[in-house]
Amino acid sequence: MTTPYSQDHSDQVEQTSIGELIGNISDDLSQLFRQEVELAKAEIKQEAAKAGKAAGMLGGAGFAGYLALLLLSFAAVYGLDAVMPAGWAALIVAAIWGIIGAVLYTNGKKRLKTVDPMPRRTVDTIKEDAQWLKNPTG
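What counts and what doesn't
- Residues numbered from 1 in each chain as written.
- Predicted model: local features only at pLDDT ≥ 70, side-chain atom pairs only at ≥ 80, totals over all residues.
- Heavy atoms only, no water.
- Helix = DSSP H or I, 4+ residues; strand = E, 2+ residues; numbered from the N terminus.
- Areas by Shrake-Rupley, 256 points an atom, 1.4 Å probe, with all protein chains shown as cover.
- Expected span 1.5 Å × (residues − 1).
- Buried < 20%, exposed > 50% of the residue type's maximum accessible area, 1.4 Å probe, protein only.
- Contact = heavy atoms within 4.5 Å.
- pLDDT = per-residue confidence, 0-100.
- Axes fitted to C-alpha atoms, helices over the stretch in contact; angles between N-to-C directions.
- Parallel < 35°, antiparallel > 145°, perpendicular 65-115°, else oblique.
- Left-handed = near helix turned anticlockwise from the far one by under 90°.
- Salt bridge = Lys/Arg side-chain N within 4 Å of Asp/Glu carboxyl O.
- Patch = residues over 30% accessible without salt bridge, like charges linked within 9 Å, V, L, I, M, F, W, Y side chains within 5 Å.
- Nonpolar A, V, L, I, M, F, W, Y, C, P; charged D, E, K, R; others polar.

Engineer: Just checking my understanding: could you explain the overall build of the chain for this structure?
Structural biologist: Within the chain, the regular secondary structure consists of four helices and zero strands. When its helices and strands are written in sequence order, the chain yields α-α-α-α. When the accessible surface of the chain is split by element, carbon and sulfur atoms take 67% of a total near 11500 Å².

Engineer: Please explain helix α2 (residues 18–81) as it appears in this structure.
Structural biologist: Since there are 3.6 residues in each turn of an α-helix, residues three or four apart along the chain are aligned in direction. Compared with an ideal rise of 1.5 Å per residue, which puts 64 residues at 94 Å, α2 spans 92 Å between its outermost C-alpha atoms and is within 8% of the ideal. Listed as buried for α2 are Glu 36, Ala 40, Glu 43, Ser 73 and Val 77. Where α2 is buried, its residues contact α3 (86–112) and α4 (120–134).

Engineer: Quick question: what am I supposed to make of the confidence of the model for the chain here?
Structural biologist: Predicted coordinates in regions of low pLDDT should not be interpreted in detail. Per-residue pLDDT for the chain averages 83, and the proportion of residues at 70 or more is 86%. Across the chain, α3 holds the top mean pLDDT of 92, while helix α1 (residues 4–15) sits lowest at 58.

Engineer: Please explain the packing of α2 against α3 as it appears in this structure.
Structural biologist: A pair of packed helices is captured by two measures, namely the crossing angle of their axes and the spacing between those axes. Where α2 contacts α3, the axes come no closer than 8 Å and their chain directions differ by 140°. Judged by the inter-axis angle, α2 sits oblique to α3. As for the relative orientation of α2 and α3, their crossing is right-handed in sense. Between α2 and α3, the contacting residues are Leu 69, Ser 73, Ala 76, Val 77, Leu 80 and Asp 81 on the first element and Ala 86, Ala 89, Ala 90, Ile 92, Val 93 and Trp 97 on the second.

Engineer: In this structure, what is going on with the side chain of Ser 73? I would like to understand it.
Structural biologist: Mapped onto the fold, Ser 73 is located in helix α2. Ser 73 has contacts with Val 93 and Trp 97, leaving out every residue within four places of it along the chain.

Engineer: Is there a simple way to think about the pattern of salt bridges in this case?
Structural biologist: In total, this model carries two salt bridges according to the counting rule given. The closest approach of N and O atoms between Lys 41 and Glu 38, which form a salt bridge, is 3.6 Å. In this pair, Lys 41 and Glu 38 are both assigned in helix α2, three residues apart and thus about one turn of the helix distant. For Glu 38, a relative accessible area of 46% translates into the label partly exposed.

Engineer: I would appreciate a short explanation of a nonpolar patch on the surface in the present structure.
Structural biologist: Nonpolar side chains collect at one region of the surface, where Phe 63, Tyr 66, Leu 67, Leu 70, Leu 71, Phe 74 and Tyr 78 lie side by side and expose about 780 Å² of accessible area between them. In this structure, Leu 67 sits in helix α2. When its relative accessible area of 36% is taken as the criterion, Leu 67 is described as partly exposed.

Engineer: For this particular structure, what's the right way to read the packing of α2 against α4?
Structural biologist: Contact geometry of α2 with α4 gives a least axis separation of 9 Å together with a crossing angle of 165°. When the axis of α2 is compared with that of α4, the two are roughly antiparallel. Of the two elements, α2 crosses α4, and the hand of that crossing is left-handed. For the pair formed by α2 and α4, the contact residues are Leu 29, Leu 32, Phe 33, Glu 36, Leu 39, Ala 40 and Glu 43 on the first element and Arg 120, Arg 121, Thr 122, Thr 125, Ile 126, Asp 129 and Leu 133 on the second. For the contact of α2 with α4, the residue count by class is seven nonpolar, two polar and five charged.

Engineer: Looking at this model, I keep getting lost on the side chain of Glu 43. Mind explaining?
Structural biologist: Looking at the secondary structure, you find Glu 43 in helix α2. A relative accessible area of 9% places Glu 43 in the buried class.

Dropping the structure here:
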């Protein structure tokens, strides 16, 4: 059973020119790539927000840890002062902290090399889109 709508729609499809079809495809591809760019922006923004919050928390924890370690270091110097001169006690505590700092720096540098700022999901979908454009029927 054909309705007036299906008849009008089929007439409209028959009257669509190849130029119009190519124009529609071009518009659709432009919209698709704009959406991919928006997806990449959203993905990067989301990850940056998470990183910012985490960095703020780590900064606060680092400051609190710094104060605690400073006071503990003074306590260690005063404790060692009971068995040796204060100068040697301070030098020993400073050397221990120097070694700890060097180890932390080395490990942090290694881990920083593993950070990947690339929005992988977006790159994958763009590759899929490009592959589809090369072979839309396969």
